[in-house]
Amino acid sequence: NPKIIMGPNYMKLILIKIIIFIFLLLSNAWAKEIFSEYSVSTAGVKIGEFSWKLDLYDGYYKIQINLKSTGLISSFYNFEGEYLSSGILQDRTFKSRNYKQFWETKKKTKIIEIKFTDELINIEQIPKEDEAPRINFSDLSGYNDPLTSFLNVLINSKSVNTIDGRRIYSMKKNSKEDNLNKVSIQIKEYKNIWADHDRNDLKKIEFFVEDDFLPYEIHIHFKKRVFRLERI
(Lines give C-alpha, C1' and ligand atoms only; values in the text may rest on other atoms or scores of the structure.)
Protein backbone atom coordinates (compact mmCIF):
# COMPACT_ATOMS: atom_id res chain seq x y z
CA ASN A 1 0.00 0.00 0.00
CA PRO A 2 1.39 3.45 -0.91
CA LYS A 3 2.16 5.76 1.97
CA ILE A 4 0.06 8.91 2.30
CA ILE A 5 2.24 11.91 3.09
CA MET A 6 0.36 14.64 4.92
CA GLY A 7 2.20 17.96 5.02
CA PRO A 8 1.87 20.61 7.75
CA ASN A 9 -0.72 22.63 5.78
CA TYR A 10 -2.97 19.59 5.37
CA MET A 11 -2.70 18.72 9.05
CA LYS A 12 -3.46 22.34 9.97
CA LEU A 13 -6.62 22.27 7.85
CA ILE A 14 -7.76 19.05 9.55
CA LEU A 15 -7.08 20.62 12.96
CA ILE A 16 -9.16 23.70 12.09
CA LYS A 17 -12.09 21.50 11.03
CA ILE A 18 -11.85 19.50 14.27
CA ILE A 19 -11.87 22.73 16.31
CA ILE A 20 -14.94 24.00 14.44
CA PHE A 21 -16.75 20.66 14.88
CA ILE A 22 -16.11 20.65 18.64
CA PHE A 23 -17.11 24.32 18.81
CA LEU A 24 -20.47 23.61 17.16
CA LEU A 25 -21.05 20.48 19.23
CA LEU A 26 -20.46 22.27 22.52
CA SER A 27 -22.44 25.36 21.52
CA ASN A 28 -25.67 23.36 21.79
CA ALA A 29 -25.10 23.00 25.52
CA TRP A 30 -23.06 26.00 26.67
CA ALA A 31 -23.04 29.70 25.93
CA LYS A 32 -20.08 31.04 24.01
CA GLU A 33 -19.14 34.53 22.83
CA ILE A 34 -16.62 35.40 20.11
CA PHE A 35 -15.58 38.95 19.30
CA SER A 36 -13.19 40.41 16.71
CA GLU A 37 -12.34 43.96 15.60
CA TYR A 38 -10.96 44.92 12.20
CA SER A 39 -9.46 47.93 10.47
CA VAL A 40 -11.06 48.65 7.07
CA SER A 41 -8.96 50.06 4.23
CA THR A 42 -8.96 50.37 0.46
CA ALA A 43 -6.10 51.37 -1.84
CA GLY A 44 -3.89 51.56 1.24
CA VAL A 45 -6.07 54.17 3.01
CA LYS A 46 -7.92 53.39 6.24
CA ILE A 47 -11.58 54.33 5.91
CA GLY A 48 -13.28 52.72 8.89
CA GLU A 49 -13.50 50.18 11.67
CA PHE A 50 -15.51 46.98 11.79
CA SER A 51 -16.49 44.75 14.73
CA TRP A 52 -17.99 41.28 14.65
CA LYS A 53 -19.63 39.61 17.65
CA LEU A 54 -21.02 36.08 17.65
CA ASP A 55 -23.03 34.62 20.56
CA LEU A 56 -24.09 30.97 20.76
CA TYR A 57 -26.34 29.59 23.48
CA ASP A 58 -28.59 26.52 23.78
CA GLY A 59 -28.89 25.94 20.03
CA TYR A 60 -29.44 29.61 19.16
CA TYR A 61 -27.07 32.18 17.74
CA LYS A 62 -26.86 35.95 17.44
CA ILE A 63 -24.53 37.98 15.22
CA GLN A 64 -23.87 41.70 15.57
CA ILE A 65 -21.71 43.66 13.15
CA ASN A 66 -20.89 47.36 13.46
CA LEU A 67 -19.20 49.45 10.81
CA LYS A 68 -18.27 53.15 10.99
CA SER A 69 -16.10 55.61 9.14
CA THR A 70 -12.95 56.93 10.79
CA GLY A 71 -10.10 59.28 10.06
CA LEU A 72 -9.91 61.76 7.22
CA ILE A 73 -12.71 60.21 5.18
CA SER A 74 -15.24 61.05 7.92
CA SER A 75 -14.85 64.77 7.18
CA PHE A 76 -16.40 64.44 3.71
CA TYR A 77 -18.12 61.01 3.75
CA ASN A 78 -19.46 59.86 7.08
CA PHE A 79 -21.15 56.47 7.38
CA GLU A 80 -22.31 54.09 10.07
CA GLY A 81 -23.92 50.68 9.82
CA GLU A 82 -25.25 47.99 12.14
CA TYR A 83 -26.23 44.47 11.09
CA LEU A 84 -28.04 42.02 13.37
CA SER A 85 -28.84 38.39 12.68
CA SER A 86 -30.33 35.69 14.89
CA GLY A 87 -31.54 32.17 14.39
CA ILE A 88 -31.09 28.54 15.30
CA LEU A 89 -28.20 26.11 15.06
CA GLN A 90 -29.62 22.83 13.78
CA ASP A 91 -27.72 19.80 12.49
CA ARG A 92 -24.51 21.87 12.51
CA THR A 93 -26.12 24.43 10.20
CA PHE A 94 -27.02 28.05 10.99
CA LYS A 95 -30.60 28.96 9.95
CA SER A 96 -31.85 32.56 9.84
CA ARG A 97 -34.89 33.69 11.76
CA ASN A 98 -34.42 37.48 12.02
CA TYR A 99 -32.18 39.96 10.22
CA LYS A 100 -31.94 43.75 10.58
CA GLN A 101 -29.74 46.16 8.65
CA PHE A 102 -29.28 49.82 9.60
CA TRP A 103 -27.26 52.13 7.34
CA GLU A 104 -26.80 55.87 7.81
CA THR A 105 -24.89 58.61 5.96
CA LYS A 106 -25.26 62.39 5.99
CA LYS A 107 -27.81 62.13 3.19
CA LYS A 108 -29.92 59.10 4.05
CA THR A 109 -30.92 56.47 6.57
CA LYS A 110 -31.96 53.01 5.41
CA ILE A 111 -33.44 50.21 7.55
CA ILE A 112 -34.19 46.70 6.32
CA GLU A 113 -35.79 43.96 8.43
CA ILE A 114 -36.31 40.38 7.29
CA LYS A 115 -38.18 37.64 9.13
CA PHE A 116 -37.63 34.01 8.15
CA THR A 117 -39.67 30.88 8.68
CA ASP A 118 -39.35 27.55 6.90
CA GLU A 119 -42.08 28.58 4.45
CA LEU A 120 -42.01 32.40 4.31
CA ILE A 121 -39.71 35.39 4.01
CA ASN A 122 -41.12 38.79 4.95
CA ILE A 123 -39.26 42.07 4.23
CA GLU A 124 -39.96 45.51 5.70
CA GLN A 125 -38.06 48.65 4.72
CA ILE A 126 -37.78 52.25 5.90
CA PRO A 127 -38.25 54.21 3.71
CA LYS A 128 -40.71 51.89 2.02
CA GLU A 129 -39.75 50.61 -1.43
CA ASP A 130 -41.86 52.15 -4.22
CA GLU A 131 -41.13 49.40 -6.75
CA ALA A 132 -42.92 46.05 -6.79
CA PRO A 133 -40.67 43.04 -6.12
CA ARG A 134 -39.44 41.23 -9.21
CA ILE A 135 -39.22 37.85 -7.51
CA ASN A 136 -41.71 35.66 -5.66
CA PHE A 137 -40.67 35.41 -2.00
CA SER A 138 -42.57 32.13 -1.58
CA ASP A 139 -40.05 30.54 -3.97
CA LEU A 140 -37.08 31.30 -1.70
CA SER A 141 -36.97 28.16 0.41
CA GLY A 142 -33.68 27.56 2.21
CA TYR A 143 -32.41 31.16 2.00
CA ASN A 144 -30.48 32.89 4.78
CA ASP A 145 -29.34 36.43 5.50
CA PRO A 146 -25.74 37.29 4.42
CA LEU A 147 -24.24 37.02 7.92
CA THR A 148 -25.71 33.57 8.45
CA SER A 149 -24.66 32.45 4.98
CA PHE A 150 -21.10 33.57 5.69
CA LEU A 151 -20.99 31.46 8.87
CA ASN A 152 -22.25 28.43 6.98
CA VAL A 153 -19.45 28.82 4.46
CA LEU A 154 -16.99 29.05 7.36
CA ILE A 155 -18.14 25.62 8.58
CA ASN A 156 -17.64 24.14 5.12
CA SER A 157 -20.91 24.63 3.19
CA LYS A 158 -20.04 24.68 -0.52
CA SER A 159 -22.97 26.83 -1.65
CA VAL A 160 -25.50 28.91 0.30
CA ASN A 161 -28.52 30.88 -0.96
CA THR A 162 -28.69 34.42 0.38
CA ILE A 163 -31.11 37.36 0.61
CA ASP A 164 -30.09 40.77 1.98
CA GLY A 165 -33.29 42.74 1.35
CA ARG A 166 -32.12 44.31 -1.91
CA ARG A 167 -31.00 41.25 -3.85
CA ILE A 168 -30.70 37.47 -3.84
CA TYR A 169 -27.61 35.47 -4.77
CA SER A 170 -25.62 32.35 -4.00
CA MET A 171 -22.31 32.31 -2.15
CA LYS A 172 -20.26 29.54 -3.76
CA LYS A 173 -16.99 28.38 -2.27
CA ASN A 174 -14.06 27.98 -4.67
CA SER A 175 -12.97 24.36 -4.23
CA LYS A 176 -9.72 24.88 -6.21
CA GLU A 177 -8.08 27.29 -3.78
CA ASP A 178 -4.37 26.45 -3.35
CA ASN A 179 -3.88 28.29 -0.05
CA LEU A 180 -5.41 26.16 2.72
CA ASN A 181 -5.74 29.21 4.99
CA LYS A 182 -7.70 31.11 2.33
CA VAL A 183 -11.32 30.58 1.34
CA SER A 184 -12.70 32.34 -1.73
CA ILE A 185 -16.43 32.91 -2.22
CA GLN A 186 -17.85 33.74 -5.64
CA ILE A 187 -21.16 35.61 -5.90
CA LYS A 188 -23.38 33.77 -8.38
CA GLU A 189 -27.05 33.65 -9.52
CA TYR A 190 -27.43 37.32 -8.64
CA LYS A 191 -30.86 38.97 -8.99
CA ASN A 192 -32.10 42.38 -7.88
CA ILE A 193 -35.40 42.29 -6.01
CA TRP A 194 -36.56 45.84 -6.70
CA ALA A 195 -34.59 46.95 -9.79
CA ASP A 196 -35.03 45.89 -13.40
CA HIS A 197 -31.37 44.98 -13.89
CA ASP A 198 -29.10 42.31 -12.41
CA ARG A 199 -25.84 44.24 -12.28
CA ASN A 200 -23.58 42.57 -9.73
CA ASP A 201 -21.25 45.01 -7.95
CA LEU A 202 -20.18 42.46 -5.32
CA LYS A 203 -17.80 40.12 -7.14
CA LYS A 204 -15.97 38.03 -4.59
CA ILE A 205 -15.19 37.65 -0.87
CA GLU A 206 -11.96 36.12 0.39
CA PHE A 207 -11.29 35.29 4.02
CA PHE A 208 -8.23 33.96 5.79
CA VAL A 209 -8.44 31.65 8.81
CA GLU A 210 -5.97 30.17 11.27
CA ASP A 211 -6.90 28.55 14.58
CA ASP A 212 -9.77 30.91 15.50
CA PHE A 213 -13.35 30.50 14.36
CA LEU A 214 -13.64 34.00 12.85
CA PRO A 215 -11.20 34.97 10.06
CA TYR A 216 -8.18 37.17 10.81
CA GLU A 217 -8.47 38.97 7.46
CA ILE A 218 -11.23 39.51 4.86
CA HIS A 219 -11.01 40.90 1.31
CA ILE A 220 -14.21 42.19 -0.31
CA HIS A 221 -14.07 42.74 -4.07
CA PHE A 222 -16.72 45.38 -4.77
CA LYS A 223 -16.92 47.00 -8.22
CA LYS A 224 -13.27 47.78 -9.08
CA ARG A 225 -12.09 48.16 -5.48
CA VAL A 226 -10.82 45.72 -2.88
CA PHE A 227 -11.77 46.47 0.73
CA ARG A 228 -9.42 44.89 3.26
CA LEU A 229 -10.51 44.04 6.79
CA GLU A 230 -7.54 43.24 9.02
CA ARG A 231 -7.92 42.14 12.62
CA ILE A 232 -6.77 44.74 15.12
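Please refer to the structure higher up on the page.
Residues numbered from 1 in each chain as written. Predicted model: local features only at pLDDT ≥ 70, side-chain atom pairs only at ≥ 80, totals over all residues. Heavy atoms only, no water.

Undergrad: Describe the overall build of the protein, listing the residues and the values that go with them.
TA: Looking only at helices and strands, the protein features 2 helices and 13 strands. Taking all 232 residues of the protein together, the buried fraction comes to 44%. Sequence-distant contacts in the protein: of pairs separated by 6 or more residues, those separated by 24 or more amount to 43%. Summing over all exposed atoms, the protein offers an accessible surface of approximately 13700 Å²; the carbon and sulfur share of this is 52%. (Helix = DSSP H or I, 4+ residues; strand = E, 2+ residues; numbered from the N terminus. Buried < 20%, exposed > 50% of the residue type's maximum accessible area, 1.4 Å probe, protein only. Contact = heavy atoms within 4.5 Å. Areas by Shrake-Rupley, 256 points an atom, 1.4 Å probe, with all protein chains shown as cover.)

Undergrad: I'd love a proper account of the pairing of strand β1 (residues 32-42), names of residues and values included.
TA: Pairing of β1 with strand β2 (residues 45-57), which is carried by 11 bridges, proceeds in the antiparallel orientation. Bridging across to β2, Ser36 finds its partner in Trp52. Following β1, the chain reverses through 2 residues before pairing antiparallel with β2; Ala43 in that reversal takes a positive phi of roughly 55 degrees. Where β1 meets strand β13 (residues 225-231), 5 bridges bridge the pair, whose relative direction is antiparallel. Its bridge partner being in β13, Tyr38 is matched across the sheet by Arg231. (Pairing = 2+ DSSP bridges.)

Undergrad: Kindly report on unusual backbone geometry, identifying the contributing residues and their values.
TA: Cis geometry marks the peptide bond from Ile126 to Pro127, where omega comes out at -5 degrees. Within the secondary structure, Pro127 sits in the loop between β7 (121-126) and α2 (146-154). Although it is not a glycine, Ala43 adopts a positive phi angle of roughly 55 degrees. Positionally, Ala43 belongs in the loop between β1 and β2.

Undergrad: Talk me through a nonpolar patch on the surface; I want residue IDs and the actual numbers.
TA: On the surface, Leu72, Phe76 and Tyr77 cluster together into a nonpolar patch covering about 380 Å² of accessible area. Along the polypeptide, Phe76 turns up in the loop between β3 (60-69) and β4 (79-90). The exposure class assigned to Phe76 is exposed, which follows from its relative accessible area of 60%. (Patch = residues over 30% accessible without salt bridge, like charges linked within 9 Å, V, L, I, M, F, W, Y side chains within 5 Å. Salt bridge = Lys/Arg side-chain N within 4 Å of Asp/Glu carboxyl O.)

Undergrad: How would you summarise the pairing of strand β11 (residues 202-208) if you had to cite specific residues and measurements?
TA: In regular strands, side chains alternate between the two faces of the sheet. A large share of β11 lies buried, amounting to 5 of its 7 residues. The sheet contact formed by β11 and strand β12 (residues 217-222) spans 6 bridges and is antiparallel. In the sheet register, Lys204 faces β12, and the bridge partner there is His221.

Undergrad: Can you lay out the side chain of Asp164 for me, pointing to particular residues and giving the numbers?
TA: Of note, Asp164 is situated in the loop between β8 (159-163) and β9 (167-173). Within the structure, the side chain of Asp164 is placed 2.6 Å from the side chain of Arg167, a separation counted as a polar contact. If we skip the residues at most four places from it in the chain, Asp164 touches Tyr99, Gln101, Ile112, Ile114, Pro146 and Tyr169. (Polar contact = N/O pair within 3.5 Å; in protein donor to acceptor, adjacent residues only side chain to side chain.)

Keep in mind these numbers describe shape, not what the thing actually does.
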